[in-house]
Every structure is written in C-alpha cells, then in structure tokens.
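Each chain, letter by letter, is given below.
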Amino acid sequence: VFDSDISFSLAQFVPCTEAEGPGKRFALWFQGCPLRCSGCCNPEFLKFEGGESWTVDRIMQEIAAVSDQIEGITLLGGEPFAHAKAAAAIASETQKLGLSVMVFSGFIREELESRPNPEIQQLLQQIDILIDGPYLKDQPDTTRRWIGSQNQRIHFLTSRYRAEDECWKQPNTLEIRFGPNGLEVNGFPSLPTVDFWKGKFTRKPLPAVSGASG
Ligand code: SF4
C-alpha cells in the first residue's frame, strides 16, 4: 500500500501517445537525472531543480481519466529510478487499473537489482518492460523501435509483452503537437529531424524534445 500523498518532480506528461512504447500510452517524464549521457535528448529534464511538484494521487487522476484510451503508461526522464518512491507508487496504482508499465532507465538492470533500496526493488516488481542502459550517441539504434542506442536492452519482466510482438518491428514514431507551452515533440526523433523542426520555429524556443530516457 502506497501513500498517495507522495510528491515528485514532474517534467511533463502526455496523456495518450503512440511514440513511447507499445500501443497508446500515458507518458510521464520525471524532472532530474543523475547521469549525463552525451547527446541526451532531454537535457532540460536533467536538473533536479525545476519541474512541477505533483502528488501520486494527482497524477493517478490524470491516468485514470484516460484509462479507457490507453493500454499502459511509460515512465521516462530524467531518470525514473532517481524518483523510485513515487515511480513505484504510480506503477503499482497503474497495475491495479489493469494497465501495463514500461520504464526507460539509464542504469542497467543488474545494477538496479543489486541496489538495497527497497523503493527501487518495489519499482522493479511493477514493471512489464524495462529498457535499460545509458544512451550512447555513437551507437545509435536504427532498427529497434523506441530504443535510442544499441547497448540498451529490452527486458520483458512479465509475460504481458513478448519480443515477437509486431509492435517492435514498426518504424520509430515522432509526434508533434501544439500544447500550452508551444511546440511539443515526443518520440525518438533523429537529430536531423529535430534540427528541421527547430529551424521551422526559430521565433519560439522548442520547449521539449522528449525522447526515450536512458
Ligand atoms: S539519456 Fe536518459 S539516463 Fe542519460 S542523461 Fe539523458 S535522461 Fe539521463
């Protein structure tokens, strides 16, 4: 049982996206990552300062509001395991809704499993799909959907998804929308694509180019 008053630093969320994992998903980016992968596509989410303070209860209301439109949630960052207490609570409450949980982490699975921190272990127990490992910009992955670099691994921690599922064989998805903060891009854009869109909107800074964490 988790305390719904647990607070965390939210960078942003997208209620329904097809660019961050199988099917339609609620995607949540935490604010703050202790790692510094060269070429990280979410540099604005690295600092632990900033973001907006939310409670687990508040974000669960947002997830519940779209629960009939999505098959799961995806937690990204920033680094979800640096926010393990809240992330574990969100993941647990999401599983209770019958939705799946996918997490992108810059840490590798073995490292996470060896950590004595109970909140990290609780989060691991709630994950259906874990994408692990830091983003290595000199090893870009052009074949696996949603995956940033070749070193990153896909771990199916439950039987809910399989490597054979068709969704993994589709090309990468890039979504562009006009939100309250201006142009918002998520998915895993190639750098030339990002540069193209930045060039199109030179008057307003691009507020968020949110790809896969880790
Ligand atoms: S790629 Fe992911 S793990 Fe690496 S610095 Fe960026 S947010 Fe952190």
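Okay, so let's go over this structure.

Cut-off values and rules
- Residues numbered from 1 in each chain as written.
- Predicted model: local features only at pLDDT ≥ 70, side-chain atom pairs only at ≥ 80, totals over all residues.
- Heavy atoms only, no water.
- Buried < 20%, exposed > 50% of the residue type's maximum accessible area, 1.4 Å probe, protein only.
- Helix = DSSP H or I, 4+ residues; strand = E, 2+ residues; numbered from the N terminus.
- Pairing = 2+ DSSP bridges.
- Right-handed = clockwise from strand over helix to strand, strands pointing away.
- Axes fitted to C-alpha atoms, helices over the stretch in contact; angles between N-to-C directions.
- Left-handed = near helix turned anticlockwise from the far one by under 90°.
- Contact = heavy atoms within 4.5 Å.
- Nonpolar A, V, L, I, M, F, W, Y, C, P; charged D, E, K, R; others polar.

Considering the pairing of strand 5 (residues 100–104)
Part 1: In terms of residue burial, strand 5 counts as a mostly covered element, since five of its five residues are buried.
Part 2: Of the two faces of strand 5, the one lined by S100, M102 and F104 and the one lined by V101 and V103 are each fully buried.
Part 3: With four bridges joining them, strand 4 (residues 72–76) and strand 5 adopt parallel strand pairing. Within strand 5, the position partnered with G72 by the bridge is S100.
Part 4: After leaving strand 4, the chain enters helix 2 (residues 84–96) and then returns to the sheet as strand 5, a path that is right-handed.
Part 5: Where strand 5 and strand 6 (residues 129–132) come together, three bridges link them in parallel fashion. In the strand pairing of strand 6, M102 is matched with I129.

What about the packing of helix 1 (residues 56–65) against helix 2?
Part 1: Closest axis-to-axis distance for the helix 1/helix 2 pair is 10 Å, and the angle between their directions is 35°. Here helix 1 runs over helix 2; the crossing is right-handed. Touching V56, I59, M60 and I63 of helix 1 are A86, A89, I90, E93 and T94, all from helix 2.
Part 2: The residue inventory of the contact of helix 1 with helix 2, partitioned by class, reads seven nonpolar, one polar and one charged.

All we've got here are geometric facts, nothing functional implied.
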